[in-house]
Amino acid sequence: MEHNTNTLSIEEFLAQDEKKDMLRLLTAGSVDDGKSTLIGRLLFDSKRLYEDQLVALERDSKRVGHAGENIDYALLLDGLKAEREQGITIDVAYRYFSTNRRKFIIADTPGHEQYTRNMVTGASTANLAIILVDAKNGVITQTKRHTFLISLLGIKHVILAVNKMDLVDYKQEVFNTICEEYKTFLTRLNIPDVHFIPMSALHGDNVVNRSEKMTWYKGEPILELLETIHVSSDRNFVDLRYPVQYVLRPEHHFRGFSAKVASGIIRKGDEVMVLPSRKTSKVKKIVSYDGDQDYAFPPQSVTVTLKDEIDISRGDMLVHMNNQPRIERHFEAMLVWMDEKKMNPNTNFIIKQTTNLTKARIDTIRYKINVNTMHRNKTDHFKLNEIGRVVVTTSKTLFIDAYERNHETGSFILIDPVTHNTSAVGMIIDRVSAEDLPNRISDSDHKKIAEGKSLVSPKEREMKYQQKGQTIWITGLHGSGKTDVAYMLEKRLFDLGHVTILLDGEKVRAGLSKELDYSSVDRAEHLRRVAEVCRLLNEQGIITICTFISPLKDTRDQIRDIIGKDRFNLIYMSTDLATSKANKPELYKLAEENKLQYLAGVDTPYEVPENPDLTLDISDKNVEAIVELIKKR
Amino acid sequence: MKKENYSLSHLKELEAEAIHIIREVAAEFENPVMLYSIGKDSSCMVRLAEKAFYPGKVPFPLMHIDSKWKFREMIDFRDNYAKEKGWNLIVHYNKEGFETGIGPFSHGSKVHTDIMKTQALLQGLEMHGFDAAFGGARRDEEKSRAKERIFSFRDKFHQWDPKNQRPELWSTYNTRVMKGESIRVFPISNWTELDVWQYIRLENIPIVPLYYAKPRPVVKYNNALVLVDDERMPKELRDKAEMRMVRFRTLGCYPLTGAVESEADTIEKIVEEMMTTTASERTTRVIDFDQEGSMEQKKREGYF
Ligand SMILES: Nc1nc2c(ncn2[C@@H]2O[C@H](COP(=O)(O)OP(=O)(O)O)[C@@H](O)[C@H]2O)c(=O)[nH]1
């Protein structure tokens, strides 16, 4: 404690003090477990209280305290309790104290209704969490909920403080039972370092000093543990991620790239690659106000210059060539909803991840989690404090890692585009490859578009064209004969006097989908555009004939939703793979030689439709049957 | 190869955090400003800004809101230091209030603070259309600041609505504002008073000499020891002045800032005194005693 300064000269004290490190911790517990008492005592014992506060404390303890003759340390933190009564948002409060060995920042998260939001906020920056339980009550639902949130936010060190041991006669058995129960629960979570301390915050047992009443406890008191627990190695020093935050160009010949090192070590002379351009160069200098550095590590904020002139802007990332992040627009994450306003799944959010800002949509909500039971439930939106697993697509490519491995590049926030509130926060999961994640292309808001007042009625269109606008969607493997059927159908309908438009992959990709590639996100976007075009044309009375491999059932269902069930005819070309291959061998050959990716039937699956309106194959191009279908609509 | 060390002292970690925050504002806002109060916290903050953009210049202006009742030594210090460093310094004061003769002796601390500080600040921000303003406030200064965000959102009227603050996670800051709205940014939120002194010492940051003890003419006024700084102090008070060895723990308007008796004339002695101190920092600010929960109130009205 700082009392020791008496034995040191002030110069010695300062020299020692400026070297100490910092620990950020979170305290959690349900109401009345003794959280305020514990924090108050830590502040008190480390002399973070001034005399005027002390006088007030003693006076208030006698007047309104709940601690009898003792000083009620909890009163120190009463600012927040008063706020609760006034109906002010209960929030995370940050408190500071230090000892000879360390400086501490406590994120104190009171209240229960908004507990999830507050705890998640406090936990996002914490190295360690103290979870309090009342020895009389043991492990309760809230203990489990808090522990789950702590593991979700990736805190690696937990201290289970079993408080109010005085009320159970300081019995070891009580303590042991509670610890065992907690350990059983922990096996379901991922927290590598857990400590157990029997404590009486009120009487000071095992807070600063070892308890004389619990000589059976051989471990350290809580403060000593906080002072000595090793946390600096929790940072990721392996994967260099240098997300450029600011480009410094004070004069012509100086071009510096400023950033906080998110992870890994960057060294002078390192060969680095710039994302997304993939250009490479060498680190010329690591510049700082205090002189050039040979290397920089997280969380240092430095400025780097490169040997070559490369165009780099905010949002770009420097990495080592042999250790790259995922470069993605499509990923899975655990999402915590933080907004009072419930989620509208059709929102185009603003996403912020490291120094990048772009648009994001939620494709799918896989499930939401009940934080008390950890059961998974289906849902189509989130409300305040709800947590679940989602699939996200962003407009711009991001450089990401799994949150588990890298908190800096694995986390993001979602901002509401209208209110600008931080609506949700996310932690990236890295288990399913982007190719296998579902895409959402249909939009449930569609139906809300106000009907225009065209002077031509749908009936009049039908009369004029002698047809009902609809889509013939032909799906099947590459080479299965789709195009032949489409052209034969087009000719036949033309001869019968119908008005049609034919759309195929090549045509659409040449123009309308020109900028899209063959990744799963872009393939989905490509088909969304086709479906929207069909919808517009069908509504104006025109028949569209579409031939697309469209291998996924989920995507075809969404296409049907966009176009409308009553206008959508699904034709399945059931030609088998071998026949299709023999029919059009070129692409298959390339795919088998790994020169071409994502060809259905080779490296991605083709899901056979369950209930097509009609099944044909290469030897049975029965377009008359399709004509019959059209007539029936 | 020399063995590399990957751990940071608490001061260096706090410094890195502040630099990251300052750069983020410079990168994402169109027109930021750093509010410069001439105090020790501001002095730290300015040094951090210099570090953030080294070897370039700080890319935004500093603004001092002059209540016209600051200690003279503060103004001298400000002008010399700004000149030496080549800062882009804006000094703003409430012209109307000044011409009306508003002052703490004649109008009381509440009216004076409101017109010459709060109103003046809002005028200054509005006149230049700043969309972000850095302030040197710390969370440990006062109970009601403990839950203040680093990026604190203000509506069109510069008001702070405790219900309308954004969740702040990791170091990912939401900087989105609509036209007219703004953000106050506190890069040294996580610093304590001791951290600030340590940093000033470590970095050799110049501070106003009023922080160091020296014999000065003071008089008891509103239960505080107030410096006789100019002729505007009523004569009957000035006549009662006596020389005492004093220093100031915070700096503001001289009639509203109490001195403490002290022998501490070096940073080391100041820190030593602090560790054995008997009154928390803010009690030397007369303004706090005006009304219950006054800090909270001030904050809602737009004061820091
Ligand atoms: N007997 C006993 N009472 C305690 C202990 N710690 C706290 N308390 C009391 O429990 C009540 C709630 O404590 P408080 O710190 O306000 O709980 P919080 O709601 O978790 O902040 C107060 O009356 C405390 O005096 C303890 O170790 N033993």
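What counts, and where the lines are drawn
Residues numbered from 1 in each chain as written. Chains lettered and ligands numbered in written order. Predicted model: local features only at pLDDT ≥ 70, side-chain atom pairs only at ≥ 80, totals over all residues. Heavy atoms only, no water. Helix = DSSP H or I, 4+ residues; strand = E, 2+ residues; numbered from the N terminus. Buried < 20%, exposed > 50% of the residue type's maximum accessible area, 1.4 Å probe, protein only. Contact = heavy atoms within 4.5 Å. Areas by Shrake-Rupley, 256 points an atom, 1.4 Å probe, with all protein chains shown as cover. Near = heavy atom within 4 Å. Polar contact = N/O pair within 3.5 Å; in protein donor to acceptor, adjacent residues only side chain to side chain. Pairing = 2+ DSSP bridges. Axes fitted to C-alpha atoms, helices over the stretch in contact; angles between N-to-C directions. pLDDT = per-residue confidence, 0-100. 1 Å grid on protein atoms, 1.4 Å probe; cavity = no way out; pocket = protein on both sides within 12 Å on 5 of 7 lines; lining within 4 Å. Points joined across faces, edges and corners; volume = space filled by probe spheres on them. Nonpolar A, V, L, I, M, F, W, Y, C, P; charged D, E, K, R; others polar.

**Some details on the overall build of chain A**
And then number 1: Secondary structure assignment for chain A yields 16 helices and 27 strands.
And then number 2: Every one of the 633 residues in chain A was classed for burial, and the buried ones make up 56%.
And then number 3: Within chain A, contacts between residues separated by at least 24 positions form 73% of all contacts whose residues are at least 6 apart in sequence.
And then number 4: When the accessible surface of chain A is totalled, it reaches about 27,900 Å², and 49% of it is carbon and sulfur.

**With respect to the site of the ligand**
Residue and element names in this part refer to chain A.
And then number 1: Near the ligand you find 18 residues, and of these Asp32, Lys35, Ser36, Thr37 and Asp166 are the closest.
And then number 2: Note that an oxygen atom of the ligand is positioned 2.6 Å from one of the backbone N or O atoms of Asp32.
And then number 3: In this structure, Ala201 approaches the ligand through a main-chain N or O atom, which is 3.0 Å from an oxygen atom.
And then number 4: For the ligand, the accessible surface in isolation is 580 Å², of which the surrounding protein chains cover 88%.
And then number 5: Residue contributions to the shell around the ligand peak at three residues, all from helix H2 (residues 35-45).

**Things to note about the environment of Asp430 of chain A**
Residues and elements named next belong to chain A.
And then number 1: Checked against the element boundaries, Asp430 lands in the loop between strand E22 (422-429) and helix H9 (458-465).
And then number 2: Residue classification places Asp430 among the partly exposed positions, given a relative accessible area of 40%.
And then number 3: Between the alpha carbons of Asp430 and Asn538 there is a distance of 41 Å; along the sequence they are 108 residues apart.
And then number 4: With near-sequence residues (within four places) excluded, Asp430 lies in contact with Arg326 and Ala402.
And then number 5: A polar contact is formed between the side chain of Asp430 and the side chain of Arg326, at a distance of 3.0 Å.

**Things to note about the sheet that holds strand E4 (residues 128-134) of chain A**
Residue and element names in this part refer to chain A.
And then number 1: Reading across the sheet, the six strands line up as E2-E3-E1-E4-E5-E6 and stay open at both edges, with mixed pairing between neighbours. Here the strands that pair on one side only, and so sit at the sheet edges, are strand E2 (93-98) and strand E6 (193-198). Across this sheet, the average inter-strand angle for adjacent strands is 25 degrees, counted without regard to direction.
And then number 2: Its contacts with the sheet place helix H7 (residues 172-186) against E4, strand E5 (157-163) and E6, and it is angled at close to 160 degrees to E6.

**Details of the confidence of the model for chain A**
And then number 1: Looking at chain A as a whole, its pLDDT mean stands at 89, while 90% of the residues score no less than 70.
And then number 2: Ignoring residues within four places in sequence, the model shows residues 1-6 of chain A, a span with pLDDT below 50, making 17 contacts including any to other chains.

**Points about the side chain of Thr116 of chain A**
Residues and elements named next belong to chain A.
And then number 1: With respect to the secondary-structure elements, Thr116 resides in helix H5 (residues 115-124).
And then number 2: The buried category is assigned to Thr116, whose relative accessible area is 5%.
And then number 3: In this structure Thr116 touches Leu149, Val336, Asn385 and Ile387, once residues within four positions along its chain are discounted.

**Regarding the confidence of the model for chain B**
Residue and element names in this part refer to chain B.
And then number 1: Looking at chain B, the pLDDT average stands at 89 and 89% of residues meet or exceed 70.
And then number 2: The least confident element of chain B is helix H9 (residues 294-301), whose mean pLDDT is 53; the most confident is strand E1 (residues 32-35), at 98.
And then number 3: Within the model, the stretch residues 285-294 combines pLDDT values under 50 with 20 contacts to residues more than four positions away or in other chains.
And then number 4: Across the interfaces of the predicted complex, the ipTM metric reaches 0.90, alongside a pTM of 0.87.

**So, empty space enclosed by the protein**
And then number 1: In the structure shown here, the tally under the stated rule is five cavities of 30 Å³ or more.
And then number 2: Computed from the structure, the second largest cavity encloses a volume of approximately 160 Å³.
And then number 3: Its residues assigned to classes, the lining of the second largest cavity comprises three nonpolar, eight polar and three charged.

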